[in-house]
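# Residue-level structural notes
Each chain, letter by letter, is given below.
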Protein chains: 2
Amino acid sequence: MPANEEKNKELSVKQRLARFLENRKMRKTSERFAILDKIYSSSAHIDVATLHQAMLADGFQVSRATVYNTLDLLIEAGLVRRITLGDGVNRYERILVVNNHHHLICTRCGKVKEMKAVKVVEDLIAHKPRSFEPQYYSLYIYGLCSKCAKADKAVAKERK
Amino acid sequence: MPANEEKNKELSVKQRLARFLENRKMRKTSERFAILDKIYSSSAHIDVATLHQAMLADGFQVSRATVYNTLDLLIEAGLVRRITLGDGVNRYERILVVNNHHHLICTRCGKVKEMKAVKVVEDLIAHKPRSFEPQYYSLYIYGLCSKCAKADKAVAKERK
DNA sequence: TTTACTGCAAATATTTTGCAATATC
DNA sequence: GATATTGCAAAATATTTGCAGTAAA
């Protein structure tokens, strides 16, 4: 991944948060930018506890309450989304309008893979719904990963 | 909606649960079928508290613990899925392999609309991923509903 | 200087667990 | 009758809230 591209993206996200806060006459606190940063530099879909611990480990003192508050703010700003990967745990991930991705979730072992977004879907989303302005979307595909599919077949055979 | 079709569908789901329980040598308790029934006859995406209250209101005595246990079971059986519509509340909905639907979620007011599944997407899912056996999928489209989009534009104008 | 935000700790809400009672096989 | 499953209440987690102190504007 080219470092420049990554840096530009990060800057632009910070700018978007700054603009959002200015529009609403809210304060640009270091916590808000630090949390945004952490989510954008983390491997996708991080949960609150992990996020909070990671920040403390980085030496950035912040309270859980602020993490929760800020996550709601970032969601409202359209910079972060909240998801649950079938296990009921709330996780947070950055929203990349371009270069989106889909989740492949194994219903047996819970493993999550990512798959590059497919253009057809994006076109579809952009044009289909009337009386609705799409901003972004999430596609979750549930099924069996290759390992579990194999194990499943073995069991089925045994039971016959 | 034709009553017959609905009845057949319901029967088949019960049969699928029965088969699942038999395969695992688990017991066919009335609670399990009652909870399955409730989810399948409820308007999509119901949360635990509502589900539990609805069952009590129907005169079906069941504990919260059993509701939680059974939901996990139904998910494992592939009959129900757990989702969160951006608000962090866990909800449960039936899985219809045929006649799937997408969610349109307003990021401002939280309102959820449903949209009939688009065939293109289904084809795509069925064929694309290698080393993965898709069972079903969820597509969430986030954006602004017509009301909020209008309100948003009004505010933007005012601020200029 | 003003007051929006944060941190803390307590309150609330949500989910899980242990074990005796019950119902399925 | 044997034991998997339920119900209950208590424990563990997760999230929200109120308010005094801090820091952004």
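From a predicted model like this one, the values you see are computed outputs, not experimental measurements.

Counting secondary structure elements, chain A contains six helices and six strands. Listing each helix as α and each strand as β along chain A from the N terminus yields α-α-β-α-α-β-β-β-β-α-β-α. When burial is assessed residue by residue, chain A has 43% of its 160 residues classed as buried. Within chain A, residue pairs in contact and separated by at least 24 positions form 51% of the contacts whose partners lie at least 6 positions apart. Counting every atom, chain A has about 9200 Å² of accessible surface; 50% of that belongs to carbon and sulfur.

On to the domain arrangement of chain A. Residue and element names in this part refer to chain A. Each assigned domain of chain A is listed here: domain 1 (1-98) and domain 2 (100-160). In this complex, domain 1 contributes 13 residues to the contact, which on the side of domain 2 involves 12 residues. At the junction of domain 1 and domain 2, the tally comes to zero salt bridges. For the interface between domain 1 and domain 2, the tally reads three residue pairs in polar contact (both at pLDDT 80 or more). It is strand β2 (residues 80-83) that provides the largest number of residues to the side of domain 1 that touches domain 2, a total of three residues. For the side of domain 1 that touches domain 2, a count of residues per class yields eight nonpolar, three polar and two charged.

With that out of the way, let us pick up the packing of helix α2 (residues 30-41) of chain A against helix α4 (residues 64-76) of chain A. All names here are of chain A. Contact geometry of α2 with α4 gives a least axis separation of 10 Å together with a crossing angle of 75°. Considering the angle they form, α2 stands roughly perpendicular to α4. Contacts between α2 and α4 involve Glu31, Arg32, Ile35, Leu36 and Ile39 on the former and, on the latter, Thr66, Val67, Thr70, Leu71, Leu73 and Leu74.

Residues and elements named next belong to chain B. By the bridge criterion, two bridges tie strand β1 (residues 46-47) to strand β3 (residues 91-94) in an arrangement that is antiparallel. Paired with Asp47 across the two strands is Arg91, which belongs to β3. With four bridges joining them, strand β2 (residues 80-83) and β3 adopt antiparallel strand pairing. From the neighbouring strand, Arg81 faces β3, where its bridge partner is Glu93.

Let us now look at unusual backbone geometry. Residue and element names in this part refer to chain A. You will see that Lys25, though not glycine, has its phi angle at about 55°, which is positive. Tracing the sequence through the fold places Lys25 in the loop between α1 (3-23) and α2. By relative accessible area, Lys25 is classed as exposed at 77%.

The next thing to look at is the relation of the copies chain B and chain A. Put simply, the two copies of the chain differ by a rotation about an axis and a shift along that axis. It takes a turn of 180° to lay chain B on chain A, together with a shift of 0.1 Å along the axis; the resulting RMSD is 0.1 Å. When the rotation and shift are considered jointly, the pair of chain copies conforms to a two-fold rotation axis. Taking the C-alpha atom as reference, chain B places Leu139(B) closest to the rotation axis, 2.3 Å from it. Here 100% of the interface residues in chain B have copies in chain A that are interface residues too; the copies meet face to matching face.

Calculation notes
Residues numbered from 1 in each chain as written. Chains lettered and ligands numbered in written order. Predicted model: local features only at pLDDT ≥ 70, side-chain atom pairs only at ≥ 80, totals over all residues. Heavy atoms only, no water. Helix = DSSP H or I, 4+ residues; strand = E, 2+ residues; numbered from the N terminus. Buried < 20%, exposed > 50% of the residue type's maximum accessible area, 1.4 Å probe, protein only. Contact = heavy atoms within 4.5 Å. Areas by Shrake-Rupley, 256 points an atom, 1.4 Å probe, with all protein chains shown as cover. Domains from an automatic or database assignment. Salt bridge = Lys/Arg side-chain N within 4 Å of Asp/Glu carboxyl O. Polar contact = N/O pair within 3.5 Å; in protein donor to acceptor, adjacent residues only side chain to side chain. Nonpolar A, V, L, I, M, F, W, Y, C, P; charged D, E, K, R; others polar. Axes fitted to C-alpha atoms, helices over the stretch in contact; angles between N-to-C directions. Parallel < 35°, antiparallel > 145°, perpendicular 65-115°, else oblique. Pairing = 2+ DSSP bridges. Least-squares fit on C-alpha atoms with pLDDT ≥ 70 in both.

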